[in-house]
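Listed below are the residues making up each chain.
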Amino acid sequence: MRKIVIGSRKSNLALTQTEWVIDQLKKAGVPYEFEIKKIMTKGDKILDVTLSKVGGKGLFVKEIEQEMFDKEIDMAVHSMKDMPSQLPEGLIISSIPVREDHRDAFVSNDNVSLTDLPEGAVVGTSSLRRAAQVLAARPDVEIKSIRGNIETRLRKMKEEDYDAIVLAAAGLIRMGWGEEIVTEFLDPDLCVPAVGQGALAIECREDDQELRELLQKINDQYTAHTVSAERTFLHLLEGGCQIPIAGYAHMEKDEVVLTALVATSDGKTVLKEVVKGKNPVEVGREAAERMKARGAQKIVDDAKEELDQ
Ligand SMILES: NCc1[nH]cc(CCC(=O)O)c1CC(=O)O
């Protein structure tokens, strides 16, 4: 019997996600043994610098991909959000399981909503995308960077001078803390989620046909279809996860509906497009084209330039 070695970051969230995938595979009747190998990534090591400043792309996946090439591991479970829009030659996303909650969660010390926060309140986030949209809704609040895994960010909110933080609902829910601590889930109308937020990407070697077939058992059509529209949009604007770009797609009957956003990190310029269509790649492309026609490429390039300084 083949034993499948799965690479995972060592954070509790990453391990929980990996265990969830093993569980799904077992439920789907995959007759293999599984072992988890914990791998430290650059993104886990650098905690003192804003992620965008150390080159967001692939920060959480590179070391893991190397172990896949070296055959130290057979596959890896990643947060889709952390995946660069193009994979290295020889590796593929072989399966996209059903998506967890796509929204951002607003968690505040006094359990007050974003709308009801006192003037000048301090909101913790290191995501330019979240900062831009929080500022667009509440230009008077102060955004303060906050880094670390979910547990660290929740602790820092209590111990340091943050009034609230914004983080992915999916992470909290997967850890079992959703209902308990979330003040409000931010609807995509108010805060468009990161491309792929809440979804997982299972990556393996392109030539591992046996494993690819097995992983197909837990592929979710709806998630794969909608995420494909989101990622096409992201890819065509060449934005990493730390540039204020957002995209969320859902289905309405047989059509993909993509809400796409490009903003400046101060939230003063916000471009939004809603594109519908049957073909997810076409929908993603149309959204990128409409954005470019409105000058989005300049916003993206300026954001990148700022990061390079
Ligand atoms: N940026 C890091 C990261 N990558 C995936 C998640 C959470 C799970 C997900 O979005 O699927 C997080 C934490 C966060 O954004 O709060």
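This text follows the structure it describes.
It should be emphasised that the depicted structure is a prediction, and the values quoted were computed from it without experimental measurement. (Residues numbered from 1 in each chain as written. Predicted model: local features only at pLDDT ≥ 70, side-chain atom pairs only at ≥ 80, totals over all residues. Heavy atoms only, no water.)

Undergrad: Which parts of the structure should I look at to understand the packing of aromatic side chains?
TA: The description of an aromatic ring pair rests on the distance of the ring centres and on the angle between the ring planes. Overall, the coordinates contain zero aromatic pairs when judged by the stated rule. Directly above the ring of Tyr162 sits Lys144, whose terminal nitrogen or CZ lies 4.7 Å from the centroid. The side chain of Arg174 reaches across the aromatic face of Trp20, ending 5.2 Å from its centre. (Phe/Tyr/Trp six-rings, centres within 6.5 Å; stacked < 30°, edge-to-face > 60°. Lys NZ or Arg CZ within 6 Å of the ring centre and 35° of its normal.)

Undergrad: What is the right way to look at the nonpolar core in this model?
TA: What tends to happen in soluble globular proteins is that the nonpolar side chains get buried as a cluster. Counting residues in hydrophobic clusters, the biggest one holds 22 residues, and the most contacted among them are Phe233, Leu237, Ile245, Leu258, Val262 and Met291. Those elements that place two or more of their residues in this core are helix H9 (221-237), strand S11 (245-252), strand S12 (255-263), strand S13 (270-277), helix H10 (280-293) and helix H11 (296-308). If we skip the residues at most four places from it in the chain, Phe233 touches Ile245, Ala246, Leu258, Ala260, Leu261, Val262, Gly284, Ala287, Ala288 and Met291. (Core = buried A, V, L, I, M, F, W, Y, C linked by side-chain atoms within 4.5 Å. Buried < 20%, exposed > 50% of the residue type's maximum accessible area, 1.4 Å probe, protein only. Helix = DSSP H or I, 4+ residues; strand = E, 2+ residues; numbered from the N terminus. Contact = heavy atoms within 4.5 Å.)

Undergrad: Just checking my understanding: could you explain the pairing of strand S5 (residues 104-108) for this structure?
TA: On a regular strand, one side chain projects to one face of the sheet and the next to the other, so that they alternate. Within S5, five of the five residues are buried, which leaves the element mostly enclosed by the surrounding structure. Relative to strand S9 (residues 184-186), S5 runs antiparallel, the two sharing three bridges. Within S9, the position partnered with Phe106 by the bridge is Glu184. (Pairing = 2+ DSSP bridges.)

Undergrad: Honestly, the sheet that holds S9 in this entry has me stumped. Any pointers?
TA: As a general point, the strands of a sheet are linked pairwise by backbone hydrogen bonds and lie either parallel or antiparallel. Strand order in the open sheet formed by five strands is S7-S6-S8-S5-S9, and the pairing between neighbours is mixed. Lying at the two open borders of the sheet, with one neighbouring strand each, are strand S7 (142-144) and S9. Averaged over all adjacent pairs, the angle separating strand axes in this sheet is 30°, with direction ignored. Across the face of the sheet, helix H4 (residues 128-137) comes into contact with S5, strand S6 (122-124), S7 and strand S8 (164-168) while running at roughly 130° to S8. Its contacts with the sheet put helix H5 (residues 150-159) on S5 and S8, and the angle it makes with S8 is roughly 165°. (Axes fitted to C-alpha atoms, helices over the stretch in contact; angles between N-to-C directions.)

Undergrad: What exactly am I supposed to notice about the sheet that holds strand S2 (residues 33-39) here?
TA: Within the open sheet, the five strands sit side by side as S2-S1-S3-S10-S4. Their pairing is mixed. In this open sheet, the two edge strands, each paired with only one partner strand, are S2 and strand S4 (91-95). Each strand axis lies, on average, 35° off the axis of its neighbour in the sheet, ignoring direction. Sheet topology places strand S1 (residues 3-9) next to S2; seven bridges connect them, and they run parallel. The partner of Ser8 across the bridge, within S2, is Lys38.

Undergrad: Would you explain the pattern of salt bridges in this entry?
TA: A side chain of one charge can pair with a side chain of the opposite charge when the charged atoms of the two come close. This model, assessed by the stated rule, comprises 24 salt bridges. The residue Lys27 makes a salt bridge to Asp23 at a minimum N-O spacing of 3.3 Å. On the criterion of helical spacing, the pair formed by Lys27 and Asp23 is a turn pair, its members being four residues apart in helix H1 (residues 12-27). The class for Lys27 is exposed, based on a relative accessible area of 64%. Judged by its relative accessible area of 37%, Asp23 is partly exposed. Among the charged side chains, a salt-bridge network with shared partners connects Arg2, Asp74, Arg205, Asp208 and Glu210. (Salt bridge = Lys/Arg side-chain N within 4 Å of Asp/Glu carboxyl O.)

Undergrad: What am I meant to see in a negative patch on the surface here?
TA: Residues Glu238, Asp301, Glu305 and Glu306 make up a contiguous surface patch of negative charge. Positionally, Glu306 belongs in helix H11. (Patch = residues over 30% accessible without salt bridge, like charges linked within 9 Å, V, L, I, M, F, W, Y side chains within 5 Å. Areas by Shrake-Rupley, 256 points an atom, 1.4 Å probe, with all protein chains shown as cover. Lys, Arg positive; Asp, Glu negative; His and termini not counted. Charge placed at Lys NZ, Arg CZ, Asp CG, Glu CD.)

Undergrad: So what exactly am I meant to see when it comes to the environment of Val275 here?
TA: By the element assignment, Val275 lies in strand S13. Measuring from C-alpha to C-alpha, the distance between Val275 and Ala287 comes to 6.1 Å, with twelve residues separating the pair along the chain. Each residue touching Val275, except ones within four places of it in the same chain, is listed here: Val256, Val257, Leu258, Val283, Glu286, Ala287 and Arg290.

Everything listed is a geometric property; what it means functionally is a separate question.
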